[in-house]
Each structure stands twice: as structure tokens, then as C-alpha cells.
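# Structure at a glance
Listed below, chain by chain, are the residues.
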Amino acid sequence: GDSVIQMQGQVTLSENDFLFINCTYSTTGYPTLFWYVQYSGEGPQLLLQVTTANNKGSSRGFEATYDKGTTSFHLQKTSVQEIDSAVYYCAMRDPGYQNFYFGKGTSLTVIP
Amino acid sequence: EAAVTQSPRNKVTVTGGNVTLSCRQTNSHNYMYWYRQDTGHGLRLIHYSYGAGNLQIGDVPDGYKATRTTQEDFFLLLELASPSQTSLYFCASSGPRVNSGNTLYFGEGSRLIVV
């Protein structure tokens, strides 16, 4: 069945460190892939959408890449800041069923 | 700017109590969703809807009912609340077409505590 796996539950970095979060997905179709960010006390909001056509997207210094061969997608940022501390979710939308599937989230703490 | 509004934002009820969580979206979206968020589980889909009068079962529907009365309004009902339903609930809406770039817009969440 359709699913998204996000293994990194918690990540702690220092400012200016490199961030890399990985997710894998499973589906029979050609999904659209997303990264959502959730700041404390708020609902999740879209950070990036990664289309299969481009294989990558970028926003606010974050870059997302997509590898169809390994059915994986990644979120990275070269130099994280304290304000990037949040929970990051990867997600997939299957065009066939119009539904969204989320990973379990990665809680990022950036130490100044 | 897309808008999804949830109420109440916080609710405490007793075991066996009756709770209704409300959600209204002003995005003219067809799709609406109810998720629960729990530590270690992330976001889990309870129920969703394609439009007024439509209801689809999500991944964790037990103990929950939902009703979509209009395109704007989607309600989540807990008729016999249990402590296991203590959680943070999110409503979300989206458009129907993946290729148009539509994504999920979330509300700010409703925190429910069942004692």
C-alpha cells in the first residue's frame, strides 16, 4: 500500500551545520512529494513541493531532491539557524486517490 | 491567503463525554481532512471528504464520526470519548488537482484532553 517512511525522529545541530533529512515512499503511481514544517504552537505549513518533472525544489534556503530510482526524497539546508528549529514532515500525494500520506516527522533543534 | 479555522482550540472532557470539533475553510476547496497528531506517530488521517455530504474513512477512524455539511464545514464527532483520544487534532483542506500545485492548508489545531 501507499506509505511514507521517515526514520529520523530527532536531530540536534549547531548553527551553521548542514541539515539532511531523508524519506522513502511506496506507491504504484507517480506521486507529488512535499515537505511541511511545523513551528511550535502552529499547524503544519508547506515548505516545499517536489515534482517528478523537476526532481528538486527550493525555498527559504532549503532544497529538496527526489530520486525516482530509489523512491526517496531528501530535504537539506547548507547552514541551519536557530529559527529553523521545528518539526519537518515529508509527505506524498497519490494523484489516483487524492490523499496525502505523511512521515512521522523529524524534530530539529538548532543550538545557537 | 488560504484559511482554515478550527474550534474549539482547547477542550477538556470526561470519559464517555460527547465532543464535536468544528472546521471551516474559506478556500473554496473540495477536499477536507481530519488528522490527529501524537508524539511518535506524526499525523494520522481519521476521516476525509471530497465535498458536501461525502465522507471517506481514513487510517484511524475507530471511535470517530465525521460529517461534511457544506463545502466549507467539516465536523469531527467523538460520541463516547476515551482517554486514548487525547490528542492534537488538525483540520486541513486542499484542491482536487495535483498537477495544479494544490497542497494541504492546515488549521491551527484543537487540543483535546479526555480525563
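Residues numbered from 1 in each chain as written. Chains lettered and ligands numbered in written order. Predicted model: local features only at pLDDT ≥ 70, side-chain atom pairs only at ≥ 80, totals over all residues. Heavy atoms only, no water.

Let us look at the state of the cysteines. For the coordinates displayed, the defined rule picks out 2 disulfides over all chains. What pairs with A:Cys23 in a disulfide is A:Cys90, and their sulfur atoms sit 1.9 Å apart. Because the torsion about its S-S bond is -85°, the bridge between A:Cys23 and A:Cys90 counts as left-handed. Linking A:Cys23 in strand E3 (residues 19-26) with A:Cys90 in strand E9 (residues 86-94), this pair joins segments that are 67 residues apart in sequence. Put simply, B:Cys23 and B:Cys91 are joined by a disulfide, and their sulfur atoms are 1.9 Å apart. For the disulfide bridge between B:Cys23 and B:Cys91, the dihedral angle about the S-S bond is near -75°, and by the sign convention the bridge is left-handed. Of this pair, B:Cys23 sits in strand E3 (residues 19-25) while B:Cys91 is found in strand E9 (residues 87-94), placing the two residues 68 residues apart along the sequence. Residues B:Cys23 and B:Cys91 agree in their burial class; the two are buried. (Disulfide = S-S within 2.5 Å. Helix = DSSP H or I, 4+ residues; strand = E, 2+ residues; numbered from the N terminus. Buried < 20%, exposed > 50% of the residue type's maximum accessible area, 1.4 Å probe, protein only.)

Our next topic: the packing of aromatic side chains. For the structure on display, the rule yields 20 aromatic pairs over all chains. Directly above the aromatic system of B:Tyr31 lies the positively charged group of A:Arg93, at a separation of 5.6 Å from the ring centroid. (Phe/Tyr/Trp six-rings, centres within 6.5 Å; stacked < 30°, edge-to-face > 60°. Lys NZ or Arg CZ within 6 Å of the ring centre and 35° of its normal.)

We now examine the interface of chain A and chain B. Of the residues lining the interface, 19 residues belong to chain A; the matching set on chain B comes to 25 residues. Between chain A and chain B, a total of about 1700 Å² is buried, with carbon and sulfur atoms accounting for 52% of that surface. Of all residues in chain A, A:Arg93, A:Gln98 and A:Phe102 give up the largest surface area on contact with chain B, accounting jointly for 27% of the area buried on that side. Counting across the chain A and chain B interface gives 6 residue pairs in polar contact (both at pLDDT 80 or more). Mapped onto the side of chain A that touches chain B, the elements with two or more residues apiece are strand E4 (32-38), strand E5 (45-50), E9 and strand E10 (99-102) of chain A. The element best represented in the side of chain A that touches chain B is E4(A), accounting for 4 residues. Among the residues making up the side of chain A that touches chain B, the classes are represented as 9 nonpolar, 7 polar and 3 charged. (Contact = heavy atoms within 4.5 Å. Buried area = accessible area lost by both parts, 1.4 Å probe. Polar contact = N/O pair within 3.5 Å; in protein donor to acceptor, adjacent residues only side chain to side chain. Nonpolar A, V, L, I, M, F, W, Y, C, P; charged D, E, K, R; others polar.)

Here we take up the pattern of salt bridges. Residue and element names in this part refer to chain B. This structure, assessed with the given rule, holds 6 salt bridges over all chains. The closest approach of N and O atoms between Arg9 and Glu108, which form a salt bridge, is 2.8 Å. One end of the pair, Arg9, is in the loop between strand E1 (4-7) and strand E2 (10-13); the other, Glu108, is in the loop between strand E10 (105-106) and strand E11 (110-114), and 99 residues separate them in sequence. For Arg9, a relative accessible area of 38% gives the class partly exposed. Across the pair Arg24 and Asp73 runs a salt bridge whose closest N-O atoms are separated by 2.8 Å. (Salt bridge = Lys/Arg side-chain N within 4 Å of Asp/Glu carboxyl O.)

Residues and elements named next belong to chain A. Pairing in this open sheet of 5 strands is antiparallel, and the strands run E1-E3-E8-E7-E6 from one edge to the other. Whereas interior strands pair on both sides, the edge strands pair on one side only; in this sheet they are strand E1 (3-6) and strand E6 (56-59). Each strand axis lies, on average, 20° off the axis of its neighbour in the sheet, ignoring direction. (Pairing = 2+ DSSP bridges. Axes fitted to C-alpha atoms, helices over the stretch in contact; angles between N-to-C directions.)

The next point concerns the side chain of A:Asn99. Tracing the backbone through its elements, the reader meets A:Asn99 in strand E10. Look at A:Asn99 and you get buried, because its relative accessible area is 6%. When near neighbours in sequence (up to four residues on either side) are disregarded, A:Asn99 contacts A:Met92, A:Arg93, A:Asp94, B:Tyr33, B:Leu45 and B:Tyr48.

This paragraph deals with unusual backbone geometry. With an omega of -5°, the peptide bond running from B:Ser7 to B:Pro8 counts as cis. By secondary structure assignment, the location of B:Pro8 is in the loop between E1 and E2. For A:Thr71, which is not a glycine, the phi torsion comes out positive at approximately 45°. Classification of A:Thr71 as partly exposed rests on a relative accessible area of 30%. The backbone phi angle of B:Ser28 is positive, close to 60°, even though this residue is not glycine. Note on placement: B:Ser28 falls in the loop between E3 and strand E4 (31-38). For B:Ser28, a relative accessible area of 60% translates into the label exposed.

Residue and element names in this part refer to chain A. Val4, Trp35, Leu47, Phe73, Leu75 and Tyr88 are the most contacted members of the largest nonpolar core, which totals 26 residues. Going through the elements one at a time, strand E2 (10-14), E3, E4, E5, strand E7 (62-67), strand E8 (72-77), E9 and strand E11 (106-111) are the ones with two or more residues in this core. Ignoring sequence-local partners within four residues, the contact set of Leu47 consists of Trp35, Tyr36, Val37, Ser59, Arg60, Phe62, Leu75 and Tyr88. (Core = buried A, V, L, I, M, F, W, Y, C linked by side-chain atoms within 4.5 Å.)

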